[in-house]
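In case you want the letters, here they are:
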Amino acid sequence: NIAPTELSLSSKIIEENAPGKVIGSLYASDDTGGDGLIFKFSDGSTESGEFSIDGKVLSVADAGKLNYEESSSQTVSIVALDLEGGQYASGSTCS
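Residues numbered from 1 in each chain as written. Predicted model: local features only at pLDDT ≥ 70, side-chain atom pairs only at ≥ 80, totals over all residues. Heavy atoms only, no water.

## Describing the overall build of the protein chain
Helix and strand counts for the protein chain come out as zero helices and seven strands. Written out in order from the N terminus, the α and β elements of the protein chain read β-β-β-β-β-β-β. Over its C-alpha atoms the protein chain spans a radius of gyration of 13 Å, differing by no more than 12% from the 12 Å that the globule rule assigns to 95 residues. Seen along its three principal axes, the alpha-carbon backbone of the protein chain occupies a region of about 45 × 20 × 20 Å. Out of the 95 residues in the protein chain, the part that is buried amounts to 33%. Sequence-distant contacts in the protein chain: of pairs separated by 6 or more residues, those separated by 24 or more amount to 52%. For the protein chain, the accessible area works out to roughly 5400 Å², and carbon and sulfur atoms hold 45% of it. Across the protein chain, the centroid of the 5 positively charged side chains sits 2 Å from that of the 15 negatively charged ones. (Helix = DSSP H or I, 4+ residues; strand = E, 2+ residues; numbered from the N terminus. Rg over C-alpha atoms; globule rule 2.2 N^0.38 Å. Buried < 20%, exposed > 50% of the residue type's maximum accessible area, 1.4 Å probe, protein only. Contact = heavy atoms within 4.5 Å. Areas by Shrake-Rupley, 256 points an atom, 1.4 Å probe, with all protein chains shown as cover. Lys, Arg positive; Asp, Glu negative; His and termini not counted. Charge placed at Lys NZ, Arg CZ, Asp CG, Glu CD.)

Quick look at the structure:
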């Protein structure tokens, strides 16, 4: 088994005051062609407060916690896990 690599996010643009709005799709590659990969936040959850992961989609979970005037960007730490326990972690900065 080769662990997943090259974790990426299709878009890194966050619309302010848009709860439930899709930010982008998550992608990673591994020796199975990416089939069966699971995406989670680095703490093992699929909810981080501001964001949520549903399958391969990163969305805004709570727009009230995002304030562009206080912070023009957010860093999201995501882990791609394969079915055999291999994993790859990466951080993405969204704005």
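On we go from here.
## Brief notes about the nonpolar core
Counting 19 residues, the largest nonpolar core has Phe39, Phe51, Leu58 and Ile78 as its most contacted members. Elements with a contribution of two residues or more to this core: strand S1 (5-9), strand S2 (22-29), strand S3 (38-41), strand S4 (51-54), strand S5 (57-60) and strand S6 (74-81). Apart from residues lying up to four places away in sequence, Ile78 is in contact with Leu7, Leu26, Phe39, Lys40, Phe41, Ser42, Ile53, Leu58, Tyr88, Ala89 and Ser90. (Core = buried A, V, L, I, M, F, W, Y, C linked by side-chain atoms within 4.5 Å.)

## Notes on the environment of Lys65
Among the secondary structure elements, Lys65 is positioned in the loop between S5 and S6. A C-alpha to C-alpha distance of 25 Å links Lys65 and Ala80, two positions 15 residues apart in sequence. Once residues lying within four places of it in the same chain are set aside, the contact partners of Lys65 are Gly49 and Glu50.

## Points about the sheet that holds S3
The strand order across the open sheet formed by three strands is S3-S6-S7, and the pairing between neighbours is antiparallel. A strand with exactly one partner marks an edge of an open sheet, and here the two such strands are S3 and strand S7 (87-94). Direction aside, the axes of adjacent strands within the sheet are offset by 30° on average. The pairing of S6 with S7 spans eight bridges and is antiparallel. Note on S7: the bridge partner recorded for Ser77 is Gly91. (Pairing = 2+ DSSP bridges. Axes fitted to C-alpha atoms, helices over the stretch in contact; angles between N-to-C directions.)

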